[in-house]
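# Survey of secondary and tertiary structure
These are the residues of each chain, in order.
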2 protein chains.
Amino acid sequence: MSLETPRVSSSAEEYLLTLYRLETSNERAGSSQLAKMFGVKAPSVTGMLRRLGERGWVRYQRYRPPELTDEGRRIAVRLVRRHRLLETFLVQFLDYSWDEVHEEVQQLEHTVSEKLLERIDIKLGRPRYDPHGDPIPGQDGRLPSHRLIPLTRLQEGGRAQVSRVDNRSRHLLTVLGEIGAYPGTSVTRLRTRRNGQLSLRVGRREIQLDGDIARLIWVKPNRAPVAMQARERGM
Amino acid sequence: MSLETPRVSSSAEEYLLTLYRLETSNERAGSSQLAKMFGVKAPSVTGMLRRLGERGWVRYQRYRPPELTDEGRRIAVRLVRRHRLLETFLVQFLDYSWDEVHEEVQQLEHTVSEKLLERIDIKLGRPRYDPHGDPIPGQDGRLPSHRLIPLTRLQEGGRAQVSRVDNRSRHLLTVLGEIGAYPGTSVTRLRTRRNGQLSLRVGRREIQLDGDIARLIWVKPNRAPVAMQARERGM
DNA sequence: CGCTAAAGTTAGGCTTGTCGAACTTAGCAT
DNA sequence: ATGCTAAGTTCGACAAGCCTAACTTTAGCG
Ligand SMILES: [Mn+2]
Ligand SMILES: [Mn+2]
Ligand SMILES: [Mn+2]
Ligand SMILES: [Mn+2]
């Protein structure tokens, strides 16, 4: 049990985070794909994977996709916690909008101390979800989880609560923000009109959404049962 | 006029800041003294000074104490601004005490974006002084300045407002915090009792301070004129 | 089954920032 | 004036991260 915190570099953390995200979504990526994600060339990835392997944070064998070790995953989850708490803080206390907050946190998340994070957590009242509805891991690394379905699988006439919004596109968040599709908002799905589109009632407004967009909004249905088709492909 | 902000590394910023502080207090230091300040060995300093010289942030000639260029000084002042705004924010919004805040900000100050800093500045109402009473440079790099005297030069019977407290010793801040010697506090100097000590009324309490400590408290006298001896040595 | 293109790695180089060991300079003290 | 010591520099090394160019492996396809 060393007293020295082994100090993980920002880059190393970023790699571990990406590996964690991939693992979570059951994807796997090789060096060149990872390289694209980091805006770096392939040999840099090979080198980093080797170093991460030496430190015991990933299991890496040449030509095979890398895997996180438990320790590596722990580091990643701690980073996720910092990321999401910081996002929440910026939105609640510094008037950031949910579409600008992710970018802002990219650097900060690697720098913020345990102490500061704890104060932020307290000020926020130990929130369990971030502004996009993503769960915030606890200090123990556990994630709150709830069963959500994409809006596209809500049955027509069904009411639900928006609970999570995919935050991969900033533009999308802006659009959804205009609609008012923040976590906590109640929506009702109306009869579908046009092919590929989906009608929604949000408050008094009625809205048409493309399937591509609707798929990125996750909801918790109110009582009413979900249309339970055989498992949908690809999600 | 390049669009690329030339990105100054944390280390470089730290060097420039130290050089700036030295310049401000009319001290000069060579490589080994700087090395001690950074917790680094002398050859590292030589190397860094050379690089800072190449970038035009210091004027450096071997064997001579380095000097900041205008550009180097600007970078330092911007860092001072970030540092002091962050300190103020942590104290006002996250319940930090003034004796722990300096440490906390050491990393953060190099990471925080212009945007975040601006939001913090707004939230704080564009404060002009930090929790220790140190002036916060504006975006233009100008420092608010007021004429202060050390408590030791306040005449007996004189009333004054604590305005700045030297923050070089964390322990000292703790002590002064217990006394309640925060900027804004009104104090009256009483007749001196013992040699080297100084009596003070703070609210209803009466307090004895060693000269060493009193010298680190800077006050703004209320109306009453200051005992104007020939310029004191060393301060 | 064998070829080829894509994916991945290796080799060698660069920058920043650090170090220890060895050398040089400056400045003081006799 | 000269010599000694402390301050300062140079040299060679190392680690992290990144790059390009060249090589190797994998895997898909005919
Ligand atoms: Mn990041
Ligand atoms: Mn988020
Ligand atoms: Mn710092
Ligand atoms: Mn301060």
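The paragraphs below set out a description of the structure included in this document. Nothing here was measured: the structure is a model prediction, and the numbers come from that model.

Bound to the manganese ion (ligand 3) on the protein side are E14 of chain B (OE), Q106 of chain B (O), E109 of chain B (OE) and H110 of chain B (NE2), at distances that span 2.1 to 2.6 Å. In terms of primary sequence, the donors binding the manganese ion (ligand 3) are separated according to E-x91-Q-x2-E-H.

Residue and element names in this part refer to chain A. The final tally for this structure, using the stated rule, is 28 salt bridges over all chains. R74 serves as the salt-bridge partner of E71, at 2.4 Å between the closest nitrogen and oxygen. Of the two residues, E71 and R74 are both situated in helix α4 (residues 70–93); the distance of three residues between them amounts to about one turn of the helix. Residue class for E71 comes out partly exposed when judged on its relative accessible area of 30%. Between D166 and R168 there is a salt bridge, with the nearest N and O atoms lying 2.6 Å from each other. Its relative accessible area of 8% is what places D166 among the buried residues.

Here we come to the sheet that holds strand β8 (residues 217–221) of chain B. Residue and element names in this part refer to chain B. In spatial order, the strands read β3-β8-β4-β5-β6-β7; together these six strands make up an open sheet with antiparallel pairing. The sheet is open, and its two borders are formed by β3 (149–150) and β7 (205–210), each paired with just one other strand. Bridge count between strand β6 (residues 197–202) and β7: six bridges; the pairing is antiparallel. Paired with L200 across the strands is I207, a residue of β7. Here helix α7 (residues 170–179) sits on the sheet and contacts β4 (159–165), β6, β7 and β8; the angle it forms with β7, its principal contact strand, is near 160 degrees.

Turning next to the sheet that holds strand β7 (residues 205–210) of chain A. Strand order in the open sheet formed by six strands is β3-β8-β4-β5-β6-β7 (chain A), with antiparallel pairing between adjacent strands. The sheet is open, and its two borders are formed by β3 (149–150) and β7 of chain A, each paired with just one other strand.

Moving on, we get to the relation of the copies chain B and chain A. Mapping chain B onto chain A calls for a rotation angle of 180 degrees and an axial translation of 0.0 Å; the resulting RMSD is 0.1 Å. Given the turn and translation reported, the copies of this chain are related as if by a two-fold rotation axis. With an isologous cut-off of 70% or more, the 100% of interface residues of chain B that recur at the interface of chain A puts this contact in the isologous class.

Residues and elements named next belong to chain A. Of note, N26 is a non-glycine position whose phi angle comes to about 55 degrees, a positive value. Tracing the sequence through the fold places N26 in the loop between α1 (10–24) and α2 (31–38). Overall, N26 belongs to the exposed group, its relative accessible area being 73%. With a phi angle near 75 degrees, Y63 is a residue other than glycine that sits in the positive phi range. By the element assignment, Y63 lies in the loop between β1 (58–59) and β2 (67–68). Looking at Y63, the relative accessible area reads 81%, which means it is exposed.

Rules behind the numbers
Sequence positions are assigned chain by chain, starting from 1 and proceeding in written order. Chains and ligands are labelled by the order in which they are written, letters from A for the one and numbers from 1 for the other. Reporting of local features is limited, given that this is a predicted model, to residues whose pLDDT is at least 70; pairs of side-chain atoms are given and counted only at 80 or more, and all residues count toward the totals for whole chains, interfaces and linings. Where side-chain values are given, they derive from all heavy atoms of the structure, hydrogens and water being excluded. Any N, O or S atom lying within 2.8 Å of the metal counts as a donor, and for Na, K and Ca the limit rises to 3.2 Å; water is left out, so some sites can look incomplete. What makes a salt bridge here is a side-chain nitrogen of Lys or Arg within 4 Å of a carboxyl oxygen of Asp or Glu, nothing more. Strands are runs of DSSP state E lasting at least two residues, helices are runs of H or I lasting at least four, and both sets are numbered from the N terminus onward. Think of it in three bands: residues with accessible area under 20% of the maximum for their type are buried, residues over 50% are exposed, and the middle band is partly exposed, with areas taken using a 1.4 Å probe on protein chains only. By the convention used here, strands pair only if DSSP detects at least 2 bridges between them. Between two residues, a contact is recorded if the distance between any of their heavy atoms is within 4.5 Å. Only C-alpha atoms enter the line fits that serve as axes; for helices the fit covers just the stretch in contact. Angles between N-to-C directions range over 0 to 180 degrees. When the copies are superposed, the least-squares fit draws on C-alpha atoms of residues that have pLDDT of at least 70 in both.

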